[in-house]
Amino acid sequence: MKKATSKIEIEKFADSIKHSLTPNKKFPIYDWMCELGIKGTQLNIYAYIFDICKENPLAEHCIETSVLTKKFNVTSGNINYIVGELIKLGLISKRVECKGSKSKIYYSLYQPA
């Protein structure tokens, strides 16, 4: 599967999913997700990441931490803890992008190399 790797591809991807990141966007929770052993906010966050990444499968990174904090109304510390657990379970992956002294953290579905 091809991943968006250039800055232009990433910017195009970001523009293409702006509509998906609205606060009222609905996302499905599939039956099989409930069998993963996750629940509550952790399940909702996984389902949301799954839904966004499913809509944009060529993206290398799908969701920024700030989007998750706004969508689920939780602190970035809580998001970091929740997604840390999802990473340990092998359900999502994390990517840090640095620009000078600033960095952004993105999460996407785990895709083995």
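Given the structure is predicted, the values throughout are model-derived calculations rather than measurements.

Here we look at the overall build of the protein chain
Now for step 1: Within the protein chain, the regular secondary structure consists of five helices and three strands.
Now for step 2: When its helices and strands are written in sequence order, the protein chain yields α-α-α-β-α-α-β-β.
Now for step 3: Taking contacts inside the protein chain between residues at least 6 apart in sequence as the whole, the part at least 24 apart equals 57%.
Now for step 4: For the protein chain, the accessible surface area stands at approximately 7100 Å², while carbon and sulfur atoms represent 55% of it.

Some points on unusual backbone geometry
Now for step 1: The backbone phi angle of Asn 73 is positive, close to 55°, even though this residue is not glycine.
Now for step 2: For Asn 73, the location among the structural elements is in the loop between α4 (65-72) and α5 (76-88).

Section: α4
Now for step 1: Burial within α4 is extensive, with six of its eight residues counted as buried.
Now for step 2: Looking at α4, one finds that the buried residues are Thr 65, Val 67, Leu 68, Thr 69, Lys 71 and Phe 72.
Now for step 3: Tucked into the core, α4 has its buried residues touching α3 (40-55), β1 (63-64), α5 and β3 (102-109).
Now for step 4: The first or second residue beyond α4 is Asn 73, which carries a positive phi of 55°.

A few points about the pattern of salt bridges
Now for step 1: One pass over the structure, following the stated rule, counts two salt bridges.
Now for step 2: The salt bridge involving Lys 54 is made with Asp 51; its shortest N-O contact spans 4.0 Å. Here the residue Lys 54 and the residue Asp 51 both occupy positions in helix α3, the gap between them amounting to three residues, near one helical turn.
Now for step 3: By relative accessible area, which is 5% here, Asp 51 ends up buried.
Now for step 4: Glu 85 is the partner of Lys 88 in a salt bridge, and the nearest nitrogen-oxygen pair spans 3.3 Å. Taken together, the positions of Lys 88 and Glu 85, both in helix α5 and three residues apart, correspond to about one turn of that helix.
Now for step 5: By relative accessible area, which is 68% here, Lys 88 ends up exposed.
Now for step 6: Glu 85 gets classed as partly exposed once you look at its relative accessible area, which sits at 24%.

Details of the sheet that holds β1
Now for step 1: Taken in spatial order, the three strands of this open sheet run β1-β3-β2, and their pairing is antiparallel. Strands with a single pairing partner mark the edges of an open sheet, and in this sheet they are β1 and β2 (92-99).
Now for step 2: Pairing of β2 with β3 involves eight bridges; the strand directions are antiparallel. Within β3, the position partnered with Lys 94 by the bridge is Tyr 107.
Now for step 3: The sheet contacts of α3 involve β1, β2 and β3, and relative to β3 the element is tilted by about 85°.
Now for step 4: With respect to the sheet, α5 is in contact with β2 and β3, its orientation differing from that of β2 by roughly 125°.

Thresholds applied
Residues numbered from 1 in each chain as written. Predicted model: local features only at pLDDT ≥ 70, side-chain atom pairs only at ≥ 80, totals over all residues. Heavy atoms only, no water. Helix = DSSP H or I, 4+ residues; strand = E, 2+ residues; numbered from the N terminus. Contact = heavy atoms within 4.5 Å. Areas by Shrake-Rupley, 256 points an atom, 1.4 Å probe, with all protein chains shown as cover. Buried < 20%, exposed > 50% of the residue type's maximum accessible area, 1.4 Å probe, protein only. Salt bridge = Lys/Arg side-chain N within 4 Å of Asp/Glu carboxyl O. Pairing = 2+ DSSP bridges. Axes fitted to C-alpha atoms, helices over the stretch in contact; angles between N-to-C directions.

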